[in-house]
Each structure stands twice: as structure tokens, then as C-alpha cells.
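# Breakdown of the fold
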Amino acid sequence: MLSCASDALFTKLYNALGHAQWYADPRFTTNNARLRHRAQLDALLEACLREHPQEYWQRRLRAGGVPCAPVQEVEEVLRYEQVKALGILGQPSNEEFEVVGLPLSFDGLRPPPPGAAGDLGQDNGLQPTLATTAESR
């Protein structure tokens, strides 16, 4: 994913891609021009980005100051170093699984994951029996 919402960021993008000449092309000099010629720009970008693997472009684009991130599958997101660094995943109580926490923090601290769900009726003292569970169906 590329995020180049200004002319200055597009200049960085073109330079990082090794195609500074694109910025001189009247179809791509302004945001309005790029929007009018988006199909042509997308085709150029796609052809360029196919020349090297994702990791190559990630390093090069970040070094060039271009906001970018890989599009990932869920499993990849869960292994992503930033997800781990932010502490987004947590375990409720002593459970064997992880849950996604709130994507915010207060005074630098993320709220802990919710506790495990209690047994049915544990808070009101009305533990269901097999007979009452069957009657409620």
C-alpha cells in the first residue's frame, strides 16, 4: 500500500522507484492530473513494482520517506513485529488463546484483554441444570 496524497510525496515516490522523469510528465505533475490519468499511472506503478520483491520495495520506499505498508493476510498481521510491539494481542486469564485488544492506549498503557467468560449463571446463583436447559429450547 502506498500513501502519497501530496505532490511532495509523489516526488519522493518517483525518486524511490528510480523514475524521477515521471514527475515531468504532465499527466502526473499534480494530484488532479494523476486522478485524471490514474489508469496510466497505475499501469506504470504496477509494472515497476513487479520488477522486485515486496521486501526490496519496502526498504527502498521507507528509506525514501514514502509512506507504505504491505498488504497482509490475517496470519501475517498477527506475526507482524509492530502488532507485537504494540501489545495488541493478549491472553484473557490463563486461557490458551489470544484475543485482539483495544487499538488505543491511555497514558501509554493499553487496557488489558477482558477476562474469560464465566459459567452460565455464575453471577446470579442460578446454575442451569440439564432439565432447565432442555425446557428453554
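The rules behind each value
Residues numbered from 1 in each chain as written. Predicted model: local features only at pLDDT ≥ 70, side-chain atom pairs only at ≥ 80, totals over all residues. Heavy atoms only, no water. Salt bridge = Lys/Arg side-chain N within 4 Å of Asp/Glu carboxyl O. Buried < 20%, exposed > 50% of the residue type's maximum accessible area, 1.4 Å probe, protein only. Core = buried A, V, L, I, M, F, W, Y, C linked by side-chain atoms within 4.5 Å. Helix = DSSP H or I, 4+ residues; strand = E, 2+ residues; numbered from the N terminus. Contact = heavy atoms within 4.5 Å. Patch = residues over 30% accessible without salt bridge, like charges linked within 9 Å, V, L, I, M, F, W, Y side chains within 5 Å. Areas by Shrake-Rupley, 256 points an atom, 1.4 Å probe, with all protein chains shown as cover. Axes fitted to C-alpha atoms, helices over the stretch in contact; angles between N-to-C directions. Left-handed = near helix turned anticlockwise from the far one by under 90°. Nonpolar A, V, L, I, M, F, W, Y, C, P; charged D, E, K, R; others polar. Phe/Tyr/Trp six-rings, centres within 6.5 Å; stacked < 30°, edge-to-face > 60°. Lys NZ or Arg CZ within 6 Å of the ring centre and 35° of its normal.

## Thoughts on the pattern of salt bridges
The final tally for this structure, using the stated rule, is 4 salt bridges. Notably, a salt bridge pairs aspartate 25 with arginine 27, separated by 2.7 Å at the nearest N-O pair. Among the residues examined, arginine 27 registers a relative accessible area of 29% and is labelled partly exposed. Here arginine 50 and glutamate 46 are joined by a salt bridge, their closest N and O atoms 2.9 Å apart. Judged by its relative accessible area of 65%, arginine 50 is exposed.

## Regarding the nonpolar core
Most often, soluble globular proteins keep nonpolar side chains buried together rather than apart. Ranked by internal contacts, the top residues of the largest apolar core, which has 15 residues, are Leu13, Leu17, Trp22 and Leu61. Those elements that place two or more of their residues in this core are helix H1 (7-17), helix H3 (38-49) and helix H4 (54-63). Apart from the residues within four sequence positions on either side, leucine 13 is in contact with Leu2, Cys4, Leu45, Leu61 and Val66.

## Concerning a nonpolar patch on the surface
The grouping of Leu102, Leu104 and Phe106 at the surface amounts to a nonpolar patch, some 300 Å² of accessible area in total. With respect to the helices, strands and loops of the structure, leucine 104 is situated in the loop between strand E2 (99-100) and helix H7 (130-135).

## Examining the packing of H1 against H3
Their axes nearest at 11 Å, the elements H1 and H3 cross at an angle of 35°. Viewed along their axes, H1 and H3 form a crossing whose handedness is left-handed. Contacts between H1 and H3 pair Phe10, Leu13, Tyr14 and Leu17 from the former with Leu41, Leu45, Cys48 and Leu49 from the latter. Classifying every residue of the contact of H1 with H3 gives 8 nonpolar, no polar and no charged.

## Overview of the packing of aromatic side chains
Summed over the entire model, instances satisfying the criterion amount to 4 aromatic pairs. When the centroid spacing of 5.7 Å and the interplanar angle of 55° are considered together, the rings of phenylalanine 10 and tyrosine 14 count as tilted. Taken together, the positions of phenylalanine 10 and tyrosine 14, both in helix H1 and 4 residues apart, correspond to about one turn of that helix. For the pair shown, phenylalanine 10 and tyrosine 14 are each scored as buried. Among the aromatic side chains, those forming a connected cluster through ring pairs are Phe10, Tyr14, Trp22 and Tyr23. Over the ring of phenylalanine 10 we find arginine 34, and its NZ or CZ is 3.8 Å from the ring centre.

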